[in-house]
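These are the residues of each chain, in order.
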Amino acid sequence: MAEFEGFDAADFTLMEDLQANNNKGWFDIHRERWEALREKLRALCVEMTPFVSDLDPELETAPKTGRSLGRINRDTRFSKDKRPYKEYIDILFFPHGHRRTTSPGFAVGLGRKHSYIGTWLGAGMSEFRGRFEANIAAHCDIFTSYLEANDNFSDMEVHGESYVKPRIEGLEEPAFGWAQRKFFYLGLLTAPGEVARLGTNYTGLIEKTFIRLYPLFLFATSLSLSADMEKFHNKFE
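Residues numbered from 1 in each chain as written. Predicted model: local features only at pLDDT ≥ 70, side-chain atom pairs only at ≥ 80, totals over all residues. Heavy atoms only, no water.

**Student:** A description of the sheet that holds strand S4 (residues 157–162) should follow, citing residues and the corresponding values.
**Tutor:** Spatially, the 5 strands line up as an open sheet ordered S1-S2-S3-S5-S4, and their pairing is antiparallel. Each edge of the sheet is formed by a strand with only one pairing partner; in this case those strands are strand S1 (89–93) and S4. Going across the sheet, the axis of each strand differs from the next one's by a mean of 20°, ignoring polarity. In this structure, strand S2 (residues 105–110) lies alongside strand S3 (residues 115–121), joined through 6 bridges in antiparallel fashion. (Pairing = 2+ DSSP bridges. Helix = DSSP H or I, 4+ residues; strand = E, 2+ residues; numbered from the N terminus. Axes fitted to C-alpha atoms, helices over the stretch in contact; angles between N-to-C directions.)

In structure tokens:
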């Protein structure tokens, strides 16, 4: 397998062209462009595996479509939107024993306007949503300090929905806002030109961002938060 050599402008152009020509006829004509990008994603997944496994050995890293590698085809069976292809492609690292849609994890994605490095607590993940809330309530001082150290991730974009009624009494911002979230998708967006300029050093940006986001992942997944946070700090700080 070829080594990861970075993404370039053509990769983002492909995603832009696909949005404008989202049909099988166009895709079949340009399939070689997609296959070239898919191989870059597979190479990136393989290159990231040692770091991700060190970060958390319970995370899935298999460079296979449907596991860590995403599919470009959309599942249109129950959707009113029948466009056959996604407008983004991603690599996801999530806990073993889960699917991409059943657990929080870490993501690297490519769309037409930017790359995305982030984490999520998805809609419908009620077990992890409850754990997230319980960990914030039990360790609100740790959570608040973590958010303040990261300037409440003001350099990233967050999407999702929030509850109206307070979930944990007595919390102040910024912890209060996170405790209110039903689900969220948080990520660092990087413009195509900067991604291309970074070349192979893009992996360093991924590693740095995953390390920043890992405590947030732990708040949503850990059953022994204090011990898990201590292990994380001993390893990476």
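**Student:** Tell me about the side chain of threonine 209, and please be specific about residues and values.
**Tutor:** On the secondary structure map, threonine 209 appears in helix H8 (residues 202–221). In this structure, threonine 209 is in contact with Ile117, Met156 and Leu188, ignoring residues within four places of it in sequence. (Contact = heavy atoms within 4.5 Å.)

**Student:** An account of the packing of aromatic side chains is requested, with residue identities and associated values reported.
**Tutor:** Under the definition given, this model contains 18 aromatic pairs. Between the aromatic rings of phenylalanine 153 and tryptophan 178, the centroid separation amounts to 6.4 Å while the plane-to-plane angle is 75°, which identifies the pairing as edge-to-face. Note that phenylalanine 153 is positioned in the loop between helix H5 (140–149) and S4 and tryptophan 178 in helix H6 (residues 175–179), a separation of 25 residues in sequence. Tryptophan 178 matches phenylalanine 153 in its accessibility class, with the two residues each being buried. Ring centres of tyrosine 214 and phenylalanine 232 lie 5.3 Å apart, and the angle between their planes is 35°; this geometry places the pair in the tilted category. (Phe/Tyr/Trp six-rings, centres within 6.5 Å; stacked < 30°, edge-to-face > 60°. Buried < 20%, exposed > 50% of the residue type's maximum accessible area, 1.4 Å probe, protein only.)

**Student:** Describe the packing of helix H4 (residues 126–138) against H8, naming the residues involved and giving the relevant values.
**Tutor:** Where H4 meets H8, the axes come as close as 6 Å, and the angle between the chain directions of the two elements is 110°. With respect to H8, the element H4 is oriented roughly perpendicular. Across the interface between the two elements, Phe128, Arg131, Phe132, Asn135 and Ile136 from H4 touch Leu216, Leu218, Phe219, Ala220 and Thr221 from H8. Considering only residue class, the contact of H4 with H8 consists of 7 nonpolar, 2 polar and 1 charged. (Parallel < 35°, antiparallel > 145°, perpendicular 65-115°, else oblique. Nonpolar A, V, L, I, M, F, W, Y, C, P; charged D, E, K, R; others polar.)

**Student:** Summarise unusual backbone geometry; cite the residues concerned and give the values.
**Tutor:** In this chain, glutamate 173 is followed by proline 174 through a cis amide linkage whose omega measures 5°. Checked against the element boundaries, proline 174 lands in the loop between S4 and H6. In the Ramachandran plot, phenylalanine 153 falls in the positive-phi region, its phi being about 55° despite a non-glycine side chain.

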